[in-house]
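So you can see what is in the structure, the chains are spelled out below.
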Amino acid sequence: MSRTIDIADAKAQFSDLVTQAEIGADIVIVRNGVPIARIAPLNRPVAETIALLRKERTRRPRVSAVEIRAARDRGRA
């Protein structure tokens, strides 16, 4: 089971999201519609976790090194 939630809502519901992850849920946290983090159960097999990450990566647009550095530098302002 996978769920997407905005970061503001995730902050308000953090305890509930962790409980959901404990029972097997995979929660993707987004900011402005862009996935930024994931809450997932620790007991998931590594191969399954890697498959989920690869699946998520194919859904998002590619980000160049220049864009990554610019985002990093904005965070340092």
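Kindly report on the overall build of the chain, identifying the contributing residues and their values.
In terms of regular secondary structure, the chain is built from 4 helices and 3 strands. Along its sequence from the N terminus, the chain presents helices and strands in the succession β-α-α-β-β-α-α. Each principal axis of the C-alpha atoms in the chain carries an extent, and together these give about 40 × 30 × 20 Å. Taking all 77 residues of the chain together, 21% fall into the buried category. Pairs at least 24 residues apart make up 28% of the contacts formed inside the chain by residues separated by at least 6 positions. By element, 57% of the accessible surface of the chain is carried by carbon and sulfur atoms, the whole surface being about 6,100 Å².

Talk me through the layout of surface pockets; I want residue IDs and the actual numbers.
Taken as a whole, the largest pocket encloses approximately 480 Å³ of empty space. Together, 13 residues line the largest pocket, and V34, P35, R60, P61 and V63 are the ones closest to its centre. Going through the elements one at a time, β3 (34-39) and α4 (65-75) are the ones with two or more residues in the lining of the largest pocket. A per-element tally of the lining of the largest pocket places α4 first, with 4 residues. Of the residues belonging to the lining of the largest pocket, the class tally is 6 nonpolar, 1 polar and 6 charged. There is about 150 Å³ of room inside the second largest pocket. If you go around the second largest pocket, you meet 12 residues; those closest to its centre are S2, D26, L52, K55 and R59. When residues of the lining of the second largest pocket are traced back to their parent elements, those giving at least two are β2 (26-31) and α3 (46-59). No other element matches the 5 residues that α3 contributes to the lining of the second largest pocket. Its residues assigned to classes, the lining of the second largest pocket comprises 3 nonpolar, 2 polar and 7 charged.

Calculation notes
- Residues numbered from 1 in each chain as written.
- Predicted model: local features only at pLDDT ≥ 70, side-chain atom pairs only at ≥ 80, totals over all residues.
- Heavy atoms only, no water.
- Helix = DSSP H or I, 4+ residues; strand = E, 2+ residues; numbered from the N terminus.
- Buried < 20%, exposed > 50% of the residue type's maximum accessible area, 1.4 Å probe, protein only.
- Contact = heavy atoms within 4.5 Å.
- Areas by Shrake-Rupley, 256 points an atom, 1.4 Å probe, with all protein chains shown as cover.
- 1 Å grid on protein atoms, 1.4 Å probe; cavity = no way out; pocket = protein on both sides within 12 Å on 5 of 7 lines; lining within 4 Å.
- Points joined across faces, edges and corners; volume = space filled by probe spheres on them.
- Nonpolar A, V, L, I, M, F, W, Y, C, P; charged D, E, K, R; others polar.

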